[in-house]
Amino acid sequence: MGTETSSAGRLLVISAHAGDFVWRAAGAIALAAERGDPAKVVCLSFGERGESARAWREGRTLKEIKGIRRAEAEAAAAELGAEIDFLDAGDYPLQETPELVDRLVRVYREFTPAVVLTHTLTDPYNGDHPAAARMALQARVLAQAIGYDAPGEPLGAPPVFFFEPHQPEQCDFKPDVLLDITPVFERKRKAMECLPAQQHMWDYYTDLAKRRGVQLKRNAGPNLGLAHDTLAEAYVRVYPQTTAVLA
Ligand SMILES: [Zn+2]
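Keep in mind the model is a prediction, meaning the values are calculated, not measured.

### Observations regarding the coordination of the zinc ion
Taken together, the protein ligands of the zinc ion are His 17 (ND1), Asp 20 (OD), Asp 20 (OD), Glu 51 (OE) and His 129 (NE2), with distances of 2.1 to 2.4 Å. All donors to the zinc ion come from one chain, and their sequence spacing reads H-x2-D-x30-E-x77-H. One exposure class covers both His 17 and Asp 20, and it is buried.

### Section: empty space enclosed by the protein
Summed over all chains, the structure comprises 2 cavities of 30 Å³ or more. Roughly 70 Å³ of internal volume is contained in the largest cavity. Trp 23, Arg 24, Glu 164, Ile 181, Lys 188, Tyr 205, Leu 208, Ala 209, Ala 232, Glu 233 and Ala 234 are the residues that line the largest cavity. Space inside the second largest cavity adds up to approximately 40 Å³.

### Observations regarding the pattern of salt bridges
Where side chains of opposite charge bring their charged atoms close, a pairing between them can arise. Per the counting criterion, the structure on display carries 15 salt bridges. For Glu 164, the salt bridge goes to Arg 212, with nearest N and O atoms at 2.7 Å. On the criterion of sequence distance, the pair formed by Glu 164 in the loop between β5 (160-163) and β6 (177-180) and Arg 212 in helix α7 (residues 200-220) is long-range, its members being 48 residues apart. With relative accessibility at 4%, the residue Glu 164 sits in the buried group. Members of the salt-bridge network, linked through shared partners, are Lys 40, Glu 83 and Asp 85.

### Looking at the confidence of the model for the protein chain
Per-residue confidence for the protein chain averages 94 on the pLDDT scale, and 96% of its residues sit at or above 70. Segment residues 1-7 is flagged for pLDDT under 50; beyond a separation of four residues in sequence, or across chains, it makes 13 contacts in the model.

### As for the sheet that holds strand β1 (residues 11-15)
Strand order across the open sheet formed by 7 strands is β3-β2-β1-β4-β5-β7-β6, with mixed pairing between neighbours. Looking at the sheet topology across the chains shown, the edges are occupied by β3 (83-86) and β6. Strand-to-strand, the axes of this sheet are offset by a mean angle of 25°, without reference to chain direction. Bridge count for β6 against strand β7 (residues 232-237) is 4 bridges, and the pairing is antiparallel. Of the residues in β7, the one forming a bridge with Leu 179 is Glu 233.

### Observations concerning the pairing of β5
Burial along β5 is two-sided: the face carrying Val 160 and Phe 162 and the face carrying Phe 161 and Phe 163 are both buried. Summarising the sheet, strand β4 (residues 115-118) and β5 pair through 3 bridges and their orientation is parallel. Its bridge partner being in β5, Thr 118 is matched across the sheet by Phe 162. Summarising the sheet, β5 and β7 pair through 3 bridges and their orientation is antiparallel. Across the sheet, Phe 163 pairs through a bridge with Tyr 235, a residue of β7.

### Section: unusual backbone geometry
The step from Tyr 92 to Pro 93 runs through a cis peptide bond, and the omega angle for that step is 5°. Relative to the assigned elements, Pro 93 resides in the loop between β3 and α4 (98-111). For Asp 88, which is not a glycine, the phi torsion comes out positive at approximately 50°. Mapped onto the secondary structure, Asp 88 falls in the loop between β3 and α4. Judged by its relative accessible area of 40%, Asp 88 is partly exposed. With a phi angle near 45°, Tyr 92 is a residue other than glycine that sits in the positive phi range. Along the chain, Tyr 92 turns up in the loop between β3 and α4.

The rules behind these values
Residues numbered from 1 in each chain as written. Predicted model: local features only at pLDDT ≥ 70, side-chain atom pairs only at ≥ 80, totals over all residues. Heavy atoms only, no water. Donors = N, O, S within 2.8 Å, 3.2 Å for Na, K, Ca; no water. Buried < 20%, exposed > 50% of the residue type's maximum accessible area, 1.4 Å probe, protein only. 1 Å grid on protein atoms, 1.4 Å probe; cavity = no way out; pocket = protein on both sides within 12 Å on 5 of 7 lines; lining within 4 Å. Points joined across faces, edges and corners; volume = space filled by probe spheres on them. Salt bridge = Lys/Arg side-chain N within 4 Å of Asp/Glu carboxyl O. Helix = DSSP H or I, 4+ residues; strand = E, 2+ residues; numbered from the N terminus. pLDDT = per-residue confidence, 0-100. Contact = heavy atoms within 4.5 Å. Pairing = 2+ DSSP bridges. Axes fitted to C-alpha atoms, helices over the stretch in contact; angles between N-to-C directions.

Shown next as structure tokens:
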């Protein structure tokens, strides 16, 4: 596992807020689930303070907002075929703590992912996203250490991919992986529609999938018979691909 870009396996998605995994990685999650590979989403927070503006304007309490966001994210994860956990660590700001990193180490050791998806390390619009990415990377390294005190076997070296941020240019996001999500796009759309408070995002991420799909076709070669309406998600691979064959 983990030696080819096409390798499949258990998929772990570490999401700062309850909606992030839907916009940015729902296609990858649905593809894993359709292959029969377990997919798990860990939401570090509900996005209750920073990404729930409508609920605040409606006068909801913090507790109510957390409940709303939890229910939406659970519905989206169910649509995609993933399990989902919430660590309720708070947002705006999401605080990096040794305790939270330790909880992630235990997730890695228990779930033993073959592939990990998370945020970019740069996001000048949202400090919670890089904080989640830093903790995801640190926990992965700690989970690999045989001497780290957590249940389970030391983790291997699952490749990590950054999913696409909302303002890619400002986040130094230059895709080097384009994932064909055409067969599961309807599931991604339905998962997005589980988040009614962010309805403006539905068409934005549908349009983005079309543009990334055009780029995928160009890079795949013009004569490979890909669907005219190929849809894609973009990723950045963090660690080098290891392979015995350049392809
Ligand atoms: Zn977010």
